[in-house]
Amino acid sequence: MREQTVWQFSDDRGQLSAAERRPSKVLAYVQAGATLWDYGIHPWGIFGSGHDGDEPDRAKTGFLPLTEVEYLGAGGVLDVETLLRGEPDLVVAVSYGGGHVYGLAPETAKHLEEHVPVVVVDVGQTRTLADIGNRFAELARSLGAEETPTVTQDLAAVRDRLRTLTAGASRPRVLALSPAGQDQTHLARPRMWPELRVLTELGVDVLEPAAGPGANWSTVGWPEVTALRPGILLTDVRSNATPLDRLRSDAARSAPEQAAAVVPWNPEPICSPQAHARFLTLVADAVEAAQGS
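The name that an unreviewed UniProt entry assigns to the chain is ABC transporter substrate-binding protein, with the source organism given as Streptomyces sp. 900116325.

Written out as structure tokens, the structure is:
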């Protein structure tokens, strides 16, 4: 591949970033960094959001080699000086719509762009998972990835498997949630999450919470979860969610205990075909197990 003399990329804000040479020292939001890794780009460093802590959240990092990728922190520690301390020549961030850089204070994001190109990929609810993946693929190609995976045979195969499993009359009820302690949990509204919309399109019976407050989540008590009788729970495993094994109240334990399977779910998915195939395989295994139980 002939070396480019000028690099440029138009991001999902419609903003063109350009440099005299192709960036090679990439700093990325953790979700973007894990996705770029799957597309063949090795980020120099990653940073988290206000939900993250002093260590990277392993639910979000995928196959990133954390001994080789520097973690700069999250939240209030992310000032411009911290973000620039390793002299990155490109920052890759994400947005949930409106072009706002997720994980950074607005003033920090503004001043950061005065020093280094910032590319923003929209991962919001209006985008399909395929659209998001394609944008990361385009970015990876611009950064020199020799091969960018498209829809792999493994992904196509597991999609077909899910369609077959859900074609019959016996479809387990699937509920996606983010545990929030002993008394309550957040139920995901499937239409607002690209990965959950894919499951619905493939015939998976993903339960829709009752109408009410909350655009993305419906916050309810654990007895309401039990009343929905889910056969499979997709459970948020990010560090800001309460782990199921820490639930102590009878009401909180009842829903996981009655479900045939619990599948780990990261609401900030790695947007590559490989990662999506791994998630769909877990769901297909759970559906098959529930149908056989």
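Now that the structure is up, let's keep going.
### Focus on the packing of helix α7 (residues 194–201) against helix α10 (residues 273–292)
Each pair of packed helices can be summarised by the angle the axes make with each other and by the distance between the axes. Following both chains from N to C, one finds α7 and α10 inclined at 50°, their axes separated by 12 Å at the closest point. Classified by the interaxial angle, the pair formed by α7 and α10 is oblique. In the crossing of α7 with α10, the sense of the turn from one axis to the other is right-handed. Contact residues: α7 offers Glu195, Val198 and Leu199, while α10 offers His276, Phe279, Leu280 and Val283.

### A word on the nonpolar core
Within the largest apolar cluster, 77 residues are counted, with the highest numbers of intra-cluster contacts made by Val92, Phe136, Leu162, Leu199, Ile232, Leu234 and Trp265. Sorting elements by how many residues they give to this core places α10 first, with nine residues. Sequence-distant contacts of Leu199, defined by excluding residues within four places in its chain, comprise Leu162, Val204, Val206, Leu234, Phe279, Leu280 and Val283. Listed in part, the twelve residues of the second largest apolar core include Leu175, Leu233, Ala252 and Ala259.

So, how was this worked out
Residues numbered from 1 in each chain as written. Predicted model: local features only at pLDDT ≥ 70, side-chain atom pairs only at ≥ 80, totals over all residues. Heavy atoms only, no water. Axes fitted to C-alpha atoms, helices over the stretch in contact; angles between N-to-C directions. Helix = DSSP H or I, 4+ residues; strand = E, 2+ residues; numbered from the N terminus. Parallel < 35°, antiparallel > 145°, perpendicular 65-115°, else oblique. Left-handed = near helix turned anticlockwise from the far one by under 90°. Contact = heavy atoms within 4.5 Å. Core = buried A, V, L, I, M, F, W, Y, C linked by side-chain atoms within 4.5 Å. Buried < 20%, exposed > 50% of the residue type's maximum accessible area, 1.4 Å probe, protein only.

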